[in-house]
Amino acid sequence: MAMKDYSDEFKADAVALYESTPGATYKSIAADLGVNRATLREWVLRDRERRGVTAAIAKPGPQPREAVPSADPDERVRQLEARVAELEASERKLATERDILRKAAKYFAGETNW
């Protein structure tokens, strides 16, 4: 199988998507982008090394959520703030995916020789 040559911009976008997606795995993001899981992992590790970030603190795992609403107003506020943060992270992921798709569409539209 021939090796593909990805642009630096694509690599940076892929890393940004992975880093901004809570609970994401290399496998899931790589499948979304159509790249090899090990390739994405290598890009992420190189980017972290370049920034001086250690893998242990770079991407925390998903936070457990309580399903039962609390009667305590302070706890309810904390639950709602956590949900807002989760939705904002999801929105960032979708925006990043949209931007990657737009760039890919422009690239492939320019490559078409019809």
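See the structure printed just above.
The structure displayed is predicted, hence computed values, not measured ones.

Engineer: How do you make sense of the nonpolar core when you look at a structure like this?
Structural biologist: Soluble, globular proteins show a tendency: their nonpolar side chains are buried together. If you look at the biggest cluster of nonpolar residues, it comprises 14 residues, and the most contacted ones within it are Y18, I29, L33, V35, L40, W43 and V44. Counting only elements with at least two residues in this core, the list comes to α1 (8-20), α2 (26-33) and α3 (37-51). Setting aside residues no more than four positions away along its own chain, V35 makes contact with Y6, F10, A30, L40 and W43.

Engineer: Explain the pattern of salt bridges to me, please; I cannot follow it from the model alone.
Structural biologist: Close approach of charged atoms lets side chains of opposite charge pair. Taken as a whole and judged by the stated rule, the model has eleven salt bridges. Between E19 and R51 there is a salt bridge, with its nearest N and O atoms 3.8 Å apart. With E19 in helix α1 and R51 in helix α3, this residue pair connects regions lying 32 residues apart in the sequence. Of the charged contacts in the structure, one is a salt bridge between R98 and D99, with a shortest N-O distance of 3.3 Å. What makes R98 partly exposed here is its relative accessible area of 40%. The partly exposed category is assigned to D99, whose relative accessible area is 33%.

Engineer: It is not clear to me how the packing of α1 against α3 should be interpreted in this structure. Could you clarify?
Structural biologist: For any two helices packed against each other, one specifies the crossing angle of their axes together with the interaxial distance. It is the contact of α1 with α3, at a shortest axis distance of 9 Å, that shows an interaxial angle of 85°. Here α1 is positioned roughly perpendicular relative to α3, judged by the angle of their axes. Residues F10, K11, A14, V15, Y18 and E19 of α1 form the contact with α3, whose own contacting residues are L40, W43, V44, D47, R48 and R51. Tallied by class, the residues present in the contact of α1 with α3 amount to seven nonpolar, no polar and five charged.

Rules of the game
- Residues numbered from 1 in each chain as written.
- Predicted model: local features only at pLDDT ≥ 70, side-chain atom pairs only at ≥ 80, totals over all residues.
- Heavy atoms only, no water.
- Core = buried A, V, L, I, M, F, W, Y, C linked by side-chain atoms within 4.5 Å.
- Buried < 20%, exposed > 50% of the residue type's maximum accessible area, 1.4 Å probe, protein only.
- Helix = DSSP H or I, 4+ residues; strand = E, 2+ residues; numbered from the N terminus.
- Contact = heavy atoms within 4.5 Å.
- Salt bridge = Lys/Arg side-chain N within 4 Å of Asp/Glu carboxyl O.
- Axes fitted to C-alpha atoms, helices over the stretch in contact; angles between N-to-C directions.
- Parallel < 35°, antiparallel > 145°, perpendicular 65-115°, else oblique.
- Nonpolar A, V, L, I, M, F, W, Y, C, P; charged D, E, K, R; others polar.

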